[in-house]
Each structure stands twice: as C-alpha cells, then as structure tokens.
Protein chains: 2
Amino acid sequence: MDSKKFEKISKALSDSSRIAILEKFKKKKDDCLYCTEVHDFLDLAQPSISHHLKQLVDADLLIPEKEGRNLKYLLNQSVLDDYIKFLSALKS
Amino acid sequence: MDSKKFEKISKALSDSSRIAILEKFKKKKDDCLYCTEVHDFLDLAQPSISHHLKQLVDADLLIPEKEGRNLKYLLNQSVLDDYIKFLSALKS
DNA sequence: TAGAAATATCGAAACATTTGAATGTTTGAA
DNA sequence: TTCAAACATTCAAATGTTTCGATATTTCTA
C-alpha cells in the first residue's frame, strides 16, 4: 500500500457515521451488511447514507454486491490488513 | 480507544503532509524528529507546518518536547498500537 | 406494464480544513 | 539588553466535505 492509498483509507475512516457502519459488522453473526440495515441505525437522509457507503467502497474498505434491488456489503479484510501493515511499518 | 478517538486519529492520518511527517521517523536512526527538520522536506509555509504538527500532537500521535528554542517530537507508539487494536477489532 | 421499493446522482447550503501573510511569543547568543 | 532564531497564533481566502431535497435509475411485484 502506498501513502496515497493510506491517505484515502484514513479519510474514509475519519467520520463517525462511517465508523458506525464498519462497527456494525462486529455485531453481526454473518459478515455482510445490507444498505437497508444502515438506514435503521444511522439517522441520516438516504442520499447521505449513499454518500458514506460510496466513500467506504471507493476506499476499498467495503465490497458491494448487488442482490436484485438490494445492495449487500462485505468488509474487505485484506485491505484492512494492508492498512494495518502500513501503520506497523511507521513504528519501526 | 473509543470511536471518537479513533475518528480523530484517522483525521490526523488523512493528509499527505502529515503522513510524510510520520514516515520520516522510519528513515531516522534515532526515533525523534525536530520541527526544523520538517521544514526541510515539506514545501509549506511555517504556519502550515505548525498547523500539521499540532494536528498530530492533538491526536496524540506525536509527543512534543521542548529543547530551548527548538521542538523535538517523539512518535507515540502506544497510541499507534491502540489504533491498530481498534482496527483489528473491526475484523472479528 | 404500471407502481412501488431500493439505491444513485445532482445541486446547493452549511460546515470544516488547508494554506500563508502578518504578527506575537519565547529563548538563546552577542 | 538587544537581536535574531524557532515556533505559535490570528485572520482570511481557497478548497473540500457533509447534508438533504429533488429527481433519476433499476428492479421487483401485482
């Protein structure tokens, strides 16, 4: 991961609504989240939620999957790992 | 680390100048960086550099230490570790 | 195929961040 | 004790982000 990518992911992680979305994955047995579910816990208008999910997808933190009219998201574990590796390298 | 703290650190990490500052620590034998050194590799006016360093200190990523007229910074390894722990917890 | 549900896009308002010129403060050196 | 060096603060311009109403698109269902 280069520093430009790291910057983009950091930006995606620097908003409370987007952090709340990512944290939802922890609380779920299955590791997928539906767009509709996000409306249930985020008190934001639909275009705002769409915007935040797009930021996370553009940063490769979420992988979108169409299911008819619905959108399902998977957490991209490997990008998280790469991001953590970049951080660890800062320490050495 | 709570999510508010995580958000603040992510914001501090989401700027190319600040990432460049943090990356400088890697390239140094000793693990401290002087404010003056930052002027040498960042093409920014002095107040901008002061602003970026303040962001990193406010996020607890850097620990400032006065040395006469100069300012020395240490990388806060334990905050980086806590930040990484928060990220790892997202994966589970 | 008409209508409704789920999501995306556009455009504008509100707000936050970045940047640097001007200026202030602190401290070491002459 | 003056002067210069190092850093901080203030303020304003430029730019970027967040938010939502309005509207468009896609797809399911009756």
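One can find the structure itself at the top, above this paragraph.
Residues numbered from 1 in each chain as written. Chains lettered and ligands numbered in written order. Predicted model: local features only at pLDDT ≥ 70, side-chain atom pairs only at ≥ 80, totals over all residues. Heavy atoms only, no water.

**Some details on the protein's contact with DNA strand D**
We count it as follows: By convention in these notes, a residue is near a molecule or strand provided one of its non-hydrogen atoms lies within 4 Å of it. For this analysis, a polar contact is any N or O atom pair within 3.5 Å, provided that within protein one partner can donate a hydrogen and the other can accept it, and provided that sequence-adjacent residues contribute only side-chain to side-chain pairs. Under the DSSP-based scheme used, a helix requires at least four consecutive residues in state H or I and a strand at least two consecutive residues in state E, with every element numbered from the N terminus.
As a matter of local geometry, DNA strand D sits amid 21 residues, with Ala 45 and His 52 of chain A together with Gln 46, Ser 50 and Leu 71 of chain B nearest to it. The sugar and phosphate moieties of DNA strand D supply 65% of its atoms located within 4 Å of the protein. Measuring from a sugar or linking oxygen of DNA strand D, one finds a side-chain N or O atom of Asn 70 of chain B at 3.4 Å. When contributions to the surface near DNA strand D are tallied by element, the ones reaching two or more residues are helix 4 (46–58) of chain A together with helix 3 (35–41), helix 4 (46–58) and strand 3 (70–75) of chain B.

**With respect to the protein's contact with DNA strand C**
Under the convention used in this document: Residues were grouped as follows: Ala, Val, Leu, Ile, Met, Phe, Trp, Tyr, Cys and Pro as nonpolar; Asp, Glu, Lys and Arg as charged; and all remaining residues, including Gly, as polar.
Taken together, 21 residues surround DNA strand C, and among them Gln 46, Ser 50 and Leu 71 of chain A together with Ala 45 and His 52 of chain B come closest. At the protein interface, 63% of the atoms of DNA strand C within 4 Å belong to sugar or phosphate. Residue His 52 of chain B places a side-chain N or O atom 2.4 Å away from a phosphate oxygen belonging to DNA strand C. Contributing elements (two or more residues each) for the surface near DNA strand C: helix 3 (35–41), helix 4 and strand 3 (70–75) of chain A together with helix 4 of chain B. Among the elements that make up the surface near DNA strand C, the one with the highest residue count is helix 4 of chain B (5 residues). Tallied by class, the residues present in the surface near DNA strand C amount to 6 nonpolar, 9 polar and 6 charged.

**So, the interface of chain A and chain B**
By a widely used convention, the size of an interface equals the accessible area lost when the partners come together. Rule in force here: In what follows, a contact means two residues having at least one pair of non-hydrogen atoms within 4.5 Å. Using a 1.4 Å probe, buried area is obtained as the accessible area two parts lose upon being combined, added over both of them. The working definition used for a salt bridge is a side-chain nitrogen of Lys or Arg within 4 Å of a carboxyl oxygen of Asp or Glu.
On the side of chain B, 27 residues touch chain A, which itself brings 27 residues to the contact. Here chain A and chain B share an interface that buries about 2400 Å² over both sides, 67% of which is from carbon and sulfur atoms. For the interface between chain A and chain B, the tally reads 2 salt bridges. Lys 91 of chain B is the salt-bridge partner of Asp 81 of chain A, the closest N and O atoms lying 2.5 Å from each other. Inspection of the region where chain A meets chain B yields 7 residue pairs in polar contact (both at pLDDT 80 or more). Only helix 1 (3–12), helix 2 (16–26) and helix 5 (77–91) of chain A provide two or more residues apiece to the side of chain A that touches chain B. Element by element, the count of residues in the side of chain A that touches chain B is highest for helix 5 of chain A, at 11 residues. Among the residues making up the side of chain A that touches chain B, the classes are represented as 12 nonpolar, 7 polar and 8 charged.

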